[in-house]
Structure formats: structure tokens, C-alpha cells
Amino acid sequence: MTVSELSAKCGFETVCVPDNKRQVSGAYIGDLLSWVMGRASADNAWITIMSNINVIAVAALTDVACVILAEDVCLDDEIVNTAKSKGVNVLKSSLSAYETAILLTDKI
Amino acid sequence: MSEPLIFHFDINGDDFSTAGQASVQIKKNLRQLGLSPEIIRRVSIAMYEGEINMVIHAHGGTADVKVFENYIEIILADNGPGIKDIDLAMKEGYSTASDTTRSLGFGAGMGLPNMKRYTDDIKIDSILDVGTVVTMRINIS
């Protein structure tokens, strides 16, 4: 399933999806960036409440399919622009990380 | 053996917002060389952790990435305070990072362990009050 399809099915808000054909497989929840880099797999959906610029670098380097910001966390415009330029897909969920992960069950 | 391709980067210290630029750039360079996504991922993450460490602890430093035919070598060098106890620093969860660093999502004590996890070989030379050189190797085949 692509990031765009997943977003539509789960009712997430699209923050930016510069790579809309990207396939998603599995998910990882985490806010400690090194922990995410050590444990998340390529093509995962990464659910986090962190919103600083380093999230974009970690997402790009870890090769996750998308970042899903839980709890309605917002990114500054400058960070969104960086995500777009680095091809990092970012979605947003009003739910908690746990509830967001439940929505993903059986879809990816 | 043919000469390696060498990429050199200066890592700006004390600036978390620009940390990762060298790693993102090396990712692009390795992609252009046609290396596999998994190798690129391992090199990028190991290097990013090194970059972050240099920003957190050493006011920056340098990174050199050498691409040989069968392996990639990453050499990270800084003039920071050095690592007092390397075995302890290699332990998952051990960190001397500040609260500010932690609030940004770093300082989980996973930096060096991740560098070890994603590389085939890692060597750390550190002298207190002089600096640290981390040499990592990732086999390509």
C-alpha cells in the first residue's frame, strides 16, 4: 500500500507527501531518535510525537516510508519545506501513538 | 587495487539543526555510485550517529568516507574531550548528554551502539582532552 492510500484509508492529515508512490510496510513507534535509527526498518511508517528538524534527517537516513505525527503535533513551515526537499513523507494523526498504530493494523 | 573514492566533510559543531547534512550528502553520493539501499542505509545511519556525537560532545570535527571496491571506510575525527571509558560508552543506554540534547530526542545512549550495529568493524581511538577518531568499515559484497 502506498503512503497516500494509507493516509486516505486511515483518515490522516497530509502534511507533505513528496514521494506519493512510496510503499509502506510495517510500523515503528518511537521518540528517541537513535533508538528509531537502531530499530526501525526501511519502509516502515514511523509514528512519533517529536517535531524538530532532526526528525526529517532521521526519517531520510533510516529510509522509513513516512513519518506519522501523533497527537496532532505540528511541524514548523521551515521543517515541512525541508521534508519536501528531502523527499520525506509526513502525515498527521489526531490520535495517540497507540491509537494511530491500531488504525494501521491489517493495512500494512 | 584501485584508488578509493574519497568524500570529505567538515562537521559544524553545536548546531543540531544542520547536523546530518554530511550524512544526507553521502547518501546521495553512494546512490549515484549504484550501491544497494541496505548498504547506503547502514553507512548513512552510522555516519549520522557519528555526526551527532561530534555535535553533542566535541564542537564538531571532520568526516572522511572512502569507497573502496569491496568496502566503505568512514573516519570521524574530532578534537573534543575524548571518551573516558570506551567500554561504558559502547553500552546501550549509557549517555553523558545534556538535558537540552535529550529534549531534542538524542542522548539515548544509542549512538556508539548503533554505529557498531550497522558496521562490520569499528575502532575507537580516544585520548582524554585531545580527541577521538572513530574508524568504521562496512563490507560491500
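Everything below is about the structure printed above this text.
For the structure given in this document, a descriptive report is provided here. All values reported here derive from a predicted model rather than from experimental measurement. (Residues numbered from 1 in each chain as written. Chains lettered and ligands numbered in written order. Predicted model: local features only at pLDDT ≥ 70, side-chain atom pairs only at ≥ 80, totals over all residues. Heavy atoms only, no water.)

## Description of the packing of helix α3 (residues 54-62) of chain A against helix α2 (residues 37-57) of chain B
A packed helix pair is summarised by two numbers, namely the angle formed by the two axes and the spacing between the axes. Where α3 of chain A contacts α2 of chain B, the two axes come as close as 8 Å, and the packing angle between them is 150°. Considering the angle they form, α3 of chain A stands roughly antiparallel to α2 of chain B. Residues Asn54, Ala57, Val58, Leu61 and Thr62 of chain A of α3 of chain A touch α2 of chain B, and the partners they reach there are Arg41, Ser44, Ile45 and Tyr48 of chain B. Looking at the contact of α3 of chain A with α2 of chain B, its residues break down into 5 nonpolar, 3 polar and 1 charged. (Axes fitted to C-alpha atoms, helices over the stretch in contact; angles between N-to-C directions. Helix = DSSP H or I, 4+ residues; strand = E, 2+ residues; numbered from the N terminus. Parallel < 35°, antiparallel > 145°, perpendicular 65-115°, else oblique. Contact = heavy atoms within 4.5 Å. Nonpolar A, V, L, I, M, F, W, Y, C, P; charged D, E, K, R; others polar.)

## Thoughts on the interface of chain B and chain A
Listed by partner, the interface residues are 24 residues for chain B and 22 residues for chain A. Between chain B and chain A, roughly 1,800 Å² of surface is buried when both sides are summed, and carbon and sulfur atoms account for 56% of that area. Inspection of the chain B/chain A interface yields 2 salt bridges. With its nearest N and O atoms 3.5 Å apart, the salt bridge here joins arginine 39 of chain A to glutamate 92 of chain B. (Buried area = accessible area lost by both parts, 1.4 Å probe. Salt bridge = Lys/Arg side-chain N within 4 Å of Asp/Glu carboxyl O.)

## Some details on a negative patch on the surface
All names here are of chain A. On the surface, Glu13, Glu71, Asp72 and Glu99 cluster together into a patch of negative charge. Within the secondary structure, aspartate 72 is located in the loop between β4 (66-69) and α4 (77-86). A relative accessible area of 40% means that aspartate 72 is categorised as partly exposed. (Patch = residues over 30% accessible without salt bridge, like charges linked within 9 Å, V, L, I, M, F, W, Y side chains within 5 Å. Areas by Shrake-Rupley, 256 points an atom, 1.4 Å probe, with all protein chains shown as cover. Lys, Arg positive; Asp, Glu negative; His and termini not counted. Charge placed at Lys NZ, Arg CZ, Asp CG, Glu CD. Buried < 20%, exposed > 50% of the residue type's maximum accessible area, 1.4 Å probe, protein only.)

## Remarks on the pattern of salt bridges
Opposite charge on two side chains makes pairing possible when the charged atoms of those side chains draw close. Enumeration over the complete set of coordinates arrives at 6 salt bridges over all chains. Where aspartate 43 of chain A meets arginine 22 of chain A, a salt bridge forms, and the shortest distance between an N and an O atom there is 2.8 Å. With aspartate 43 of chain A in the loop between α2 (33-39) and β3 (45-48) and arginine 22 of chain A in the loop between β1 (13-16) and β2 (27-29), this residue pair connects regions lying 21 residues apart in the sequence. Judged by its relative accessible area of 31%, aspartate 43 of chain A falls in the partly exposed class. The class of arginine 22 of chain A is buried, set by a relative accessible area of 19%. Note that glutamate 92 of chain B is salt-bridged to arginine 117 of chain B, the shortest N-O span being 3.3 Å. Within this pair, whereas glutamate 92 of chain B is found in the loop between α3 (86-89) and α4 (99-103), its partner arginine 117 of chain B is found in helix α5 (residues 111-117), the two being separated by 25 residues in sequence.

## Brief notes about the environment of methionine 115 of chain B
All names here are of chain B. Examined against the element boundaries, methionine 115 turns out to sit in helix α5. Note: C-alpha distance between methionine 115 and isoleucine 45 (70 residues apart in sequence) is 7.5 Å. Beyond its immediate stretch of four places on either side in the chain, methionine 115 contacts Ala46, Glu49, Gly50, Asn53, Leu76, Ile122, Val134 and Met136.

## A closer look at the nonpolar core
By size, the foremost hydrophobic cluster in this structure holds 62 residues, and its most contacted members are Trp46 and Val90 of chain A together with Phe9, Val65, Ile72 and Ile74 of chain B. Per-element tally for this core: the top contributor is α2 of chain B, with 10 residues. Val3, Ile47, Ile68 and Leu91 of chain A belong to the second largest nonpolar core, which has 14 residues in total. (Core = buried A, V, L, I, M, F, W, Y, C linked by side-chain atoms within 4.5 Å.)

## Observations concerning the sheet that holds strand β3 (residues 71-78) of chain B
Residue and element names in this part refer to chain B. Strand order in the open sheet formed by 5 strands is β1-β2-β3-β5-β4, and the pairing between neighbours is antiparallel. Of all the strands in the sheet, the pair left with one neighbour each is β1 (5-12) and β4 (121-127). On average, adjacent strands in this sheet sit at an angle of 10° to one another, irrespective of strand direction. Of the pairings in the sheet, the one linking β3 to strand β5 (residues 131-139) comprises 8 bridges and is antiparallel in character. By the bridge assignment, glutamate 73 is partnered in β5 with arginine 137. Helix α1 (residues 21-32) rests against β1, β2 (60-67) and β3 of the sheet, and its axis sits at about 165° to β1. Running at roughly 5° to β3, α2 makes contact with β1, β2, β3 and β5 of the sheet. (Pairing = 2+ DSSP bridges.)

## Let's talk about the packing of aromatic side chains
Enumeration according to the criterion identifies 3 aromatic pairs over all chains in this entry. Relative to phenylalanine 106 of chain B, the ring of phenylalanine 16 of chain B has its centre 5.7 Å away and its plane inclined at 15°; by these criteria the two rings are stacked. Separated by 90 residues along the polypeptide, phenylalanine 16 of chain B in the loop between β1 and α1 and phenylalanine 106 of chain B in the loop between α4 and α5 bring together distant segments of the chain. An identical accessibility class is assigned to phenylalanine 16 of chain B and phenylalanine 106 of chain B; each is buried. Ring-pair connections join several aromatic residues into one group, and the members of that group are Phe16, Tyr48 and Phe106 of chain B. Lying over the aromatic face of tryptophan 35 of chain A, arginine 39 of chain A brings its terminal NZ or CZ to 4.7 Å of the ring centre. The ring of tyrosine 71 of chain B is capped by arginine 137 of chain B, whose NZ or CZ atom sits 3.6 Å from the centre of that ring. (Phe/Tyr/Trp six-rings, centres within 6.5 Å; stacked < 30°, edge-to-face > 60°. Lys NZ or Arg CZ within 6 Å of the ring centre and 35° of its normal.)

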